[in-house]
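A structural walkthrough
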Amino acid sequence: VDPLGAAIAPGTFGNFGLEEWDGYDGLYPGRPIRFRKAFYDHTWDRIFAINGVDYYLNDPRYEELLPIQSLVDRGELELETTLDHLDVYRRVDMLPRARLVGKLETATDADALFDRMRENEFDPGHAAITELPPSGSAPNSDESSVGTAAIGEHKSDRVVVKCDASADAVLVLAETFYPGWTATIDGAPAAVYPVYYCFRGVTVPKGRHVVEFRYQPRSLTLGLLISASALTVSAALAIWLRPRRGPKRFVSARAQG
């Protein structure tokens, strides 16, 4: 979801099991923030349709951030329902959250990437773009469709996507690219790289595959190793420093007499 009204505080949706496209429970990494600033004037054109937001919330009692009624008149938004004074709008032309594209373009840096995405001939529905390309050859198909991708399982730290590609393709997952996300294709490690600057991309070969994303940050692994080491050392010291007692001596009553 994404808010349209200034009265809706970001970061509150996680309490209701809803996700914001540009962050995790109100924590906003730098890439989606820069992306939003770069395309502030393109929020409702074809570029912003890549962010996977299906629903927008607005409180009509407050000033609107965007001309909602004009967007409804243009057929870009549809009023789905109203819940507790909040209007829930559905974005009509949003691209799928997980999808395959046949072409991967490379930009020299983030500014060049944004400039390319602003060009009229750039079509995010059929091409992805990155400033950090993975090793190996990039998919370069001119086909309008290179297959399907469907999310089979989705958790905060694990996403499973089933792909059926008619050619080598880029799996685009419209979720924040952030250090710590890893991927496998049919169990084999695969490189995760940013596409459209702030989303996740993985190159998949032709055929049917299962791509699994996992959030495994190095900081967590390092923390677990340090904790395990500390517990081991503490246990060893406790054993080494515990009081040592000699064998007990028993004296009979007759001996004492």
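Located above this text is the structure these notes cover.
All of the points below concern the structure found in this document.

What counts, and at which threshold
Residues numbered from 1 in each chain as written. Predicted model: local features only at pLDDT ≥ 70, side-chain atom pairs only at ≥ 80, totals over all residues. Heavy atoms only, no water. Pairing = 2+ DSSP bridges. Helix = DSSP H or I, 4+ residues; strand = E, 2+ residues; numbered from the N terminus. Axes fitted to C-alpha atoms, helices over the stretch in contact; angles between N-to-C directions. Phe/Tyr/Trp six-rings, centres within 6.5 Å; stacked < 30°, edge-to-face > 60°. Buried < 20%, exposed > 50% of the residue type's maximum accessible area, 1.4 Å probe, protein only. Lys NZ or Arg CZ within 6 Å of the ring centre and 35° of its normal.

Another aspect to go through is the sheet that holds strand 14 (residues 199-204). Strand order in the open sheet formed by four strands is 5-10-14-13, and the pairing between neighbours is antiparallel. The open sheet has two free edges, formed respectively by strand 5 (98-101) and strand 13 (193-195), since each of these has just one partner strand. Mean inter-strand twist for the sheet, computed between neighbouring axes without regard to direction, equals 40 degrees.

Its identity as a non-glycine residue notwithstanding, His85 has a phi of 75 degrees, on the positive side. One can find His85 in the loop between strand 3 (77-83) and strand 4 (86-91). Even without being a glycine, Tyr197 presents a positive backbone phi close to 80 degrees. With respect to the helices and strands, Tyr197 occurs in the loop between strand 13 and strand 14.

Moving on: the packing of aromatic side chains. Applying the stated criterion to the full structure yields five aromatic pairs. With centroids separated by 5.0 Å and ring planes inclined at 50 degrees, the aromatic side chains of Phe35 and Phe39 adopt a geometry described as tilted. Ring centres of Phe35 and Phe199 lie 5.9 Å apart, and the angle between their planes is 65 degrees; on these two criteria the pair is classed as edge-to-face. Placement of Phe35 in helix 1 (residues 30-38) and of Phe199 in strand 14 is noted, with a sequence separation of 164 residues between them. Each of the two residues, Phe35 as well as Phe199, counts as buried. One aromatic cluster in this structure is built from Phe35, Phe39, Phe114, Tyr197 and Phe199. Just above the ring of Tyr197 sits the side chain of Arg31; from NZ or CZ to the centre is 4.5 Å. In this arrangement the basic side chain of Arg200 is found over the ring face of Phe213, its NZ or CZ atom lying 5.8 Å from the centre.

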